[in-house]
Amino acid sequence: MESAEVARRFLGFFEERGHTVVPSASLVAEDPTLLLVNAGMVPFKPYFLGQRTPPSPRMTSAQKCVRTPDIEEVGKTTRHATFFQMLGNFSIGDYFKEQAIPFAWELLTRSRDEGGFGFPEEKLWVTVFNDDDEAVGLWHDKVGVPLDRIQRRGMEDNFWSMGVPGPCGPCSEIYYDRGPEYGREGGPVADEDRYLEVWNLVFMQYERGPGESKTDFPILGDLPSKNIDTGMGLERMAAILQGVDNIYETDTLWRVLDRAAGLTGTRYGREHRADVSLRVIADHVRSGTMMVADGIRPGNEGRGYVLRRILRRSIRNLRLLGGEDAGLMHELTAVAIAAMGEQYPELVRTAANIHTVIDAEEDSFLQTLRTGTAIFDTAVEQTRRAGGATLAGDQAFKLHDTYGFPIDLTLEMASEQGLQVDEEGFRRLMREQRERAKKDARDKKTGNLDVSVLDELLTGAGGRVDFIGYRHLLGDA
Ligand code: ATP
Ligand code: MG
Ligand code: MG
Ligand code: MG
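The notes below deal with the structure included here. Model, not experiment: these values are computed from the prediction. (Residues numbered from 1 in each chain as written. Chains lettered and ligands numbered in written order. Predicted model: local features only at pLDDT ≥ 70, side-chain atom pairs only at ≥ 80, totals over all residues. Heavy atoms only, no water.)

## Comments concerning the coordination of the magnesium ion (ligand 4)
Convention followed: Nitrogen, oxygen and sulfur within 2.8 Å of a metal are treated as its donors, or within 3.2 Å for sodium, potassium and calcium (Na, K, Ca); water is not counted, so a site can appear incomplete. For the purposes of this entry, the term helix denotes a DSSP run of H or I that reaches at least four residues, the term strand denotes a run of E that reaches at least two, and both are numbered from the N terminus. Accessible area is worked out with a 1.4 Å probe on protein chains only. A residue is then buried under 20% of its type maximum, exposed over 50%, and partly exposed in between.
Within the protein, the atoms that donate to the magnesium ion (ligand 4) are Glu-173 (OE) and Glu-197 (OE), at distances of 1.9 to 2.1 Å. In this structure, the magnesium ion (ligand 4) is positioned 3.2 Å from the magnesium ion (ligand 3), and both are ligated by Glu-197. A residue pair is termed long-range when its members are at least 10 positions apart, and Glu-173 in strand β7 (residues 166–177) and Glu-197 in strand β8 (residues 195–208) qualify at 24 residues. Pair check on accessibility: Glu-173 and Glu-197 agree, each one buried.

## A closer look at the site of ligand 1
The condition is simple: In this text, near means that some heavy atom of the residue lies within 4 Å of the molecule or strand in question. In protein, a polar contact means a hydrogen-donor-capable atom and an acceptor-capable atom, both N or O and within 3.5 Å, with residues adjacent in sequence counting only if both atoms are side-chain atoms; elsewhere, any N or O pair within 3.5 Å suffices. Values of accessible area rely on a 1.4 Å probe in the Shrake-Rupley scheme; residue burial ignores everything except the protein chains shown.
Looking at ligand 1, there are 17 residues lining it, with Asp-70, Arg-79, His-80, Glu-197 and Asn-200 nearest. Backbone polar atom of Val-198 to an oxygen atom of ligand 1: 3.1 Å apart, as the coordinates give it. One nitrogen or oxygen atom from the main chain of Gly-233 is found 3.0 Å from an oxygen atom belonging to ligand 1. A total of 590 Å² of accessible area belongs to ligand 1 in isolation, and the protein chains cover 88% of it. Of all the secondary-structure elements, those providing two or more residues to the shell around ligand 1 are β3 (83–92), β8 and β9 (219–233).

## Considering helix α3 (residues 97–109)
Along an α-helix, residues three or four positions apart point the same way, because every turn accommodates 3.6 residues. To keep things clear, this is the line we draw: What a helix is expected to span follows from its residue count: subtract one and scale by 1.5 Å.
The end-to-end C-alpha distance of α3 is 18 Å, a good match for the 18 Å that 13 residues give at a rise of 1.5 Å each. Burial analysis of α3 places 10 of its 13 residues in the buried class, the great majority of the element. The set of residues buried in α3 consists of Lys-97, Ala-100, Ile-101, Pro-102, Phe-103, Ala-104, Trp-105, Leu-107, Leu-108 and Thr-109.

## Let's talk about the side chain of Asp-177
Formally: Throughout, a residue-residue contact means that at least one pair of heavy atoms, one from each residue, lies within 4.5 Å.
With respect to the helices, strands and loops of the structure, Asp-177 is situated in strand β7. Of note is the side chain of Asp-177, whose polar atom sits 2.8 Å from the backbone nitrogen of Gly-179. Excluding its chain neighbours within four sequence positions, the residues that come into contact with Asp-177 are Lys-123, Trp-125, Arg-194 and Tyr-195.

## Things to note about helix α9 (residues 302–320)
In this model, α9 (19 residues) spans 27 Å end to end at C-alpha, consistent with the 27 Å of a helix rising 1.5 Å per residue. Gly-322 sits one or two positions beyond α9 and adopts a positive phi of about 90°.

## A few points about the environment of Thr-109
Among the secondary structure elements, Thr-109 is positioned in helix α3. Between the C-alpha atoms of Thr-109 and Tyr-195, which are 86 residues apart in sequence, the distance is 17 Å. In contact with Thr-109, other than residues within four places in its own chain, are Gly-118, Phe-119, Glu-121 and Leu-124.

## Quick word on the nonpolar core
Spelled out, the test is: Only buried residues count toward a nonpolar core. Its members are Ala, Val, Leu, Ile, Met, Phe, Trp, Tyr and Cys residues joined through side-chain atoms within 4.5 Å. In this document the domain limits rely on a domain assignment from an automatic tool or a database.
With 89 residues, the main nonpolar core has Met-41 and Met-291 as its most contacted residues. In this structure, this core is formed jointly by two domains, domain 1 (3–241) and domain 2 (250–365), each of which donates at least three residues. With residues near it in sequence (within four places) discarded, Met-291 still touches Leu-27, Leu-36, Val-66, Ile-296, Arg-303, Val-306, Leu-307 and Ile-310. Counting 42 residues, the second largest nonpolar core, distinct from the first, contains Val-6, Ala-62, Ala-135 and Trp-139.

## Structural notes on the pattern of salt bridges
What counts, and what does not: A pairing counts as a salt bridge when a side-chain nitrogen of Lys or Arg comes within 4 Å of a carboxyl oxygen of Asp or Glu.
For the structure shown, the criterion picks out 30 salt bridges. When the shortest N-O distance is used, the salt bridge between Glu-192 and Arg-153 registers 3.0 Å. Of this pair, Glu-192 sits in the loop between β7 and β8 while Arg-153 sits in strand β5 (residues 150–153), and the two are 39 residues apart along the sequence. Here Glu-192 matches Arg-153 in class, with each residue buried.

## Observations regarding the packing of aromatic side chains
Stated precisely, the cut-off is as follows: The criterion for an aromatic pair is that two Phe, Tyr or Trp rings (for Trp, the six-membered ring) have centres within 6.5 Å, with stacked assigned to planes under 30 degrees apart, edge-to-face to planes over 60 apart and tilted to the rest.
Across all of its chains, the model carries 16 aromatic pairs by this definition. Ring centres of Phe-10 and Phe-14 lie 4.9 Å apart, and the angle between their planes is 50°; this geometry places the pair in the tilted category. A residue pair is termed a helical-turn pair when its members lie 3 or 4 positions apart in one helix, as Phe-10 and Phe-14 do in helix α1 (residues 3–16) at 4 residues. Judged on exposure class, the residue Phe-10 and its partner Phe-14 are both buried. Summarising the aromatic geometry, the rings of Phe-159 and Phe-217 are spaced 6.1 Å apart at their centres and angled 50° between planes, so their arrangement reads as tilted. Of this pair, Phe-159 sits in strand β6 (residues 159–161) while Phe-217 sits in the loop between β8 and β9, and the two are 58 residues apart along the sequence. Looking at Phe-217, the relative accessible area reads 11%, which means it is buried. Here the aromatic residues Phe-10, Phe-13, Phe-14, Tyr-95, Phe-103 and Trp-199 are joined through ring pairs into a cluster of three or more.

## Focus on the pairing of β8
Note the threshold: Here, any two strands with at least 2 DSSP bridges between them count as paired.
Within β8, 12 of the 14 residues are buried, which leaves it mostly tucked inside the rest of the structure. In the sheet, β7 pairs with β8 via 10 bridges, with the strands oriented antiparallel. Within β8, the position partnered with Cys-168 by the bridge is Tyr-206. Of the pairings in the sheet, the one linking β8 to β9 comprises 9 bridges and is antiparallel in character. Bridge pairing links Asn-200 to Gly-231 in β9.

## A short note on the packing of helix α12 (residues 351–385) against helix α13 (residues 393–403)
Keep this limit in mind: Lines fitted to C-alpha atoms define the axes, with helix axes restricted to the stretch in contact, and inter-axis angles between N-to-C directions lie between 0 and 180 degrees. Geometric relationships in this document are graded by angle, where less than 35 degrees denotes roughly parallel, more than 145 denotes roughly antiparallel, 65 to 115 denotes roughly perpendicular, and other angles denote oblique. Crossing chirality is assigned from the near helix's rotation relative to the far helix, an anticlockwise turn below a right angle marking it left-handed and a clockwise turn marking it right-handed. Amino acid classes used here: Ala, Val, Leu, Ile, Met, Phe, Trp, Tyr, Cys and Pro are nonpolar; Asp, Glu, Lys and Arg are charged; the rest, including Gly, are polar.
Where α12 meets α13, the axes come as close as 10 Å, and the angle between the chain directions of the two elements is 165°. When the axes of α12 and α13 are compared, the pair comes out roughly antiparallel. Here α12 runs over α13; the crossing is right-handed. Across the interface between the two elements, Thr-368, Thr-371, Gly-372, Ile-375, Phe-376, Ala-379, Gln-382 and Thr-383 of α12 pack against Gln-395, Leu-399 and Tyr-403 of α13. In terms of residue class, the contact of α12 with α13 is built from 5 nonpolar, 6 polar and no charged.

## Focus on the pairing of β7
With 12 of 12 residues buried, β7 is to be regarded as a mostly interior element. The pairing of strand β4 (residues 124–129) with β7 spans 4 bridges and is classified as antiparallel. If you follow Leu-124 over to β7, its bridge partner there is Tyr-176. Both β6 and β7 contribute to a ladder of 3 bridges, which runs antiparallel.

Structure representation (structure tokens):
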């Protein structure tokens, strides 16, 4: 079953059951507590909090999401992407658990001929929040899941909250058993590779108070109504339905992966490290493409930085596979646009713009690599001349800080020269820099800023100020 069909089926199922289909919101979150939309419910948060009236008490959507915290998992696990699509059904004060649970079960287990996903019942496991006996009752009595396939879990896994303050509630998750070749027996509590989490049903009924912790925070009280928020991972469903090992091998991502392999002359499935790189490239190119299409531009902070990091990691991984030429990103972006174009026709319409942004970032990073390489060569020469075998931490730091040279690149190039890198020294300098940045941020918050320079501007003591922003862009100088 194609990815686009997974979305169509999901939305169709809930539309037939009285849900209004709401188009995906932009990845750029309206919510000030978030940089990027990371779950299907984000655009609906004001409805849950009772701040706005929903267009309908029953809604369904396929929402574009980016989860930056998952970036290190990409390519290494079978199930994490930075960009993915979350399918969801939502009830704002309409139905609650007693309806959401049977809906989910029906869609997953109904045969494919009859519009469902056709999962065999015995492959499905569910988890519930610690003391949520009501949910256990519904899964067991109403739906018929045997008790030994219902597991209880704590705050970390089965209590969902979004934003501070924001709505929250216990959740219940559905896992698909991929079989003994994927890992240990014993349900999702024992092994989340074998038991793939596909769907999270959140029983949104409280408002959470402030606190940094994910597992320990005050509950302010009940929301205006009891609500349902669910999130099913489209890519994970596609992986199961297409009978492939991981999300990177599903139809859309595979096209990018396959082209990346072709462009770098790499065979997928031969060597673990190369496979990870190909999977990272496939995910990141698609992610970058979707972010640019939503108006994000590479930059040095906020979502611009997320985008820059994602694009540069793609280029880095291409280089690791021997793909060093300019223009590779252009080719791969074109494939991502074509692959996602059926679901997102705006990508095809704005392809020229997307290419302009990504090509420019590729140019600038390749330039960084060229300049950095010259500095790197000098550092190597100095180290050798001094009879050393280890590149100093401050040199690695300077390469990173001044020339935007990622540490893994420095490490790899040093090892090609038979040199070590003082990583510990590098990390210490990074820490010190972070501390300085934190202190600056604190000073800004507390107002401990040196504003004397503003006086000079105001009194003209610093000379005439010539605003060149209209003629020069940042970084042109
Ligand atoms: P995991 O435990 O596997 O990291 P999660 O519990 O963090 O997933 P939820 O926050 O419950 O995920 O999100 C709802 C659904 O969205 C998940 O059940 C999964 O199908 C999908 N999903 C979550 N994170 C990702 C991701 N990084 N890539 C692809 N799909 C994802
Ligand atoms: Mg997760
Ligand atoms: Mg989980
Ligand atoms: Mg989950």
